[in-house]
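# What the coordinates show
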Amino acid sequence: MELKTDLYLGDCRKELIKIPDSSVDLIVTSPPYADQRQSTYGGVSVDEYVEWFLPISKELLRVLKPTGTFILNIKEKVVNGERSTYVMELILGMRKQGWLWTEEFIWHKKNCFPGKWSNRFRDAWERLLQFNKGKKFNMYQDAVKIPIGDWAKDRLKNLSETDKIRDNAKNGSGFGKNVSNWVGKETVYPTNVVHLATECNNKNHSAAFPKELPEWFIKLFTQENDTVLDPFMGSGTTIEVANQMKRNSIGIEIVPEYYEEVKRQFAPIEYYLMEPAPEI
């Protein structure tokens with residue numbers, strides 16, 4: 001099956017209307033955070049952010065398949081000496097729309113620069129909120145298993161009776177605390193903390209995230225030929241990774257410069273046919 005990449009230039013509040021109902025398997029995106037990226041995205045204020053985003057999340061709810069997942073990379077900021085609550089308010093607003101807030105992953109930025117303010121330290125993490133339309137959704141946990149690590153050699157060498165008799169978790173979420181289940185295993189399921197360095201070569205975008213970030217979630221929630229959407233495409237990291245992993249992709253971007261750059265990369269023939277022929 002031939003892969004398909006659809007790119008749209010414009011405000012995602014309008015462009016999302018063009019996407020059919022229940023047609024997307026995974027949404028991975030990082031919208032502008034409140035009061036940030038003012039030069040390119042206008043910088044939506046903290047007080048207006050939830051009202052601005054809810055029409056977008058309503059459309060995302062429509063286009064997502066019942067078995068699909070929405071991963072939202074977002075972070076609150078400090079306002080007047082305290083943490084803003086706009087992210088929590090957004091979560092509550094989306095729940096009223098019909099979203100289930102099923103999980104929260106933490107992106108630990110391994111190469112975060114040191115820093116200090118008068119009453120706090122520099123953040124080294126960001127939220128990755130998981131939303132779903134229902135309790136049953138596609139999730140391929142084995143695709144993101146990791147090596148068990150050397151710590152297990154000593155930890156599993158002499159198991160106590162407690163380690164051996166603890167039952168598996170009743171909700172079926174894994175091994176529970178029955179450590180004996182790990183004996184003889186080479187890989188285990190990861191935690192909900194994703195350890196990745198920030199992207200240094202950001203392709204002239206103000207906030208590009210590393211390729212490994214969308215790659216991890218694409219592995220976890222999709223299979224080949226599924227469809228991945230990024231309504232805030234930026235420099236096209238999610239689209240690029242989805243293409244490399246043999247997934248169909250949809251990208252929406254409001255900034256013409258970013259859109260044109262991604263267009264050149266993923267649709268070179270179509271793009272150049274649209275350009276006027278050079279004068280001879």
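Here the structure is a predicted model, which means the values were calculated and not measured.

### Digging into the pairing of strand β6 (residues 100-109)
The pairing of β6 with strand β7 (residues 125-132) spans 8 bridges and is antiparallel. The residue of β7 that forms the bridge with E104 is L129.

### So, the pairing of β7
In terms of burial, β7 is a largely internal element, 7 of the 8 residues being buried. Across 6 bridges, the pairing between strand β3 (residues 64-74) and β7 is antiparallel. For F70, the partnering residue across the bridge sits in β7 and is F131.

### A short note on the environment of L7
Relative to the helices and strands, L7 is located in strand β1 (residues 5-9). With relative accessibility at 11%, the residue L7 sits in the buried group. Taking C-alpha positions, L7 is 9.7 Å from E260, a pair spaced 253 residues apart along the chain.

### Topic: the nonpolar core
Nonpolar side chains in soluble globular proteins tend to end up buried together. Counting residues in each nonpolar core, the largest one holds 34 residues, and the members touching the most others are Y49, F53, F70, I74 and L229. Mapped by element, the contributors of at least two residues to this core are β2 (24-29), α3 (49-63), β3, α4 (86-97), β7 and β12 (248-253). Ignoring any residue separated from it by four or fewer positions in sequence, one finds L229 in contact with L16, I19, V24, L26, I27, V28, L60, V63, I250 and I252. Counting 20 residues, the second largest nonpolar core, distinct from the first, contains L128, F209, F217 and I218.

### Details of the sheet that holds β6
Within a beta sheet, neighbouring strands are joined by backbone hydrogen bonds and run either parallel or antiparallel to one another. Sheet architecture is open: 8 strands sit in the order β1-β12-β11-β2-β3-β7-β6-β10, paired in mixed fashion. Every other strand in the sheet has two partners, leaving β1 and β10 (193-196) as the edge strands with one partner each. Sheet twist, expressed as the average angle between the axes of neighbouring strands with direction ignored, equals 20°.

### Quick notes on the pattern of salt bridges
One pass over the structure, following the stated rule, counts 16 salt bridges. R62 is the partner of E59 in a salt bridge, and the nearest nitrogen-oxygen pair spans 2.8 Å. Separated by 3 residues within a single helix, E59 and R62 lie in helix α3, roughly one turn from each other. According to the relative accessible area criterion, E59 is buried, its value standing at 17%. Note on R62: relative accessible area 22%, which makes it partly exposed. Taken together, the salt bridges that share partners define one network made up of K75, E76, R83, E104, D123 and R127.

### Side note on the confidence of the model for the protein
Confidence in the prediction of the protein, expressed as mean pLDDT, is 83, and 75% of residues score 70 or more. In the model, residues 36-41 has pLDDT below 50 throughout and makes 19 contacts with residues more than four positions away in sequence or in other chains. Contacts of residues 269-280 to residues separated by more than four positions or lying in other chains number 6 contacts, the stretch itself having pLDDT below 50.

Criteria and thresholds
- Residues numbered from 1 in each chain as written.
- Predicted model: local features only at pLDDT ≥ 70, side-chain atom pairs only at ≥ 80, totals over all residues.
- Heavy atoms only, no water.
- Pairing = 2+ DSSP bridges.
- Helix = DSSP H or I, 4+ residues; strand = E, 2+ residues; numbered from the N terminus.
- Buried < 20%, exposed > 50% of the residue type's maximum accessible area, 1.4 Å probe, protein only.
- Core = buried A, V, L, I, M, F, W, Y, C linked by side-chain atoms within 4.5 Å.
- Contact = heavy atoms within 4.5 Å.
- Axes fitted to C-alpha atoms, helices over the stretch in contact; angles between N-to-C directions.
- Salt bridge = Lys/Arg side-chain N within 4 Å of Asp/Glu carboxyl O.
- pLDDT = per-residue confidence, 0-100.

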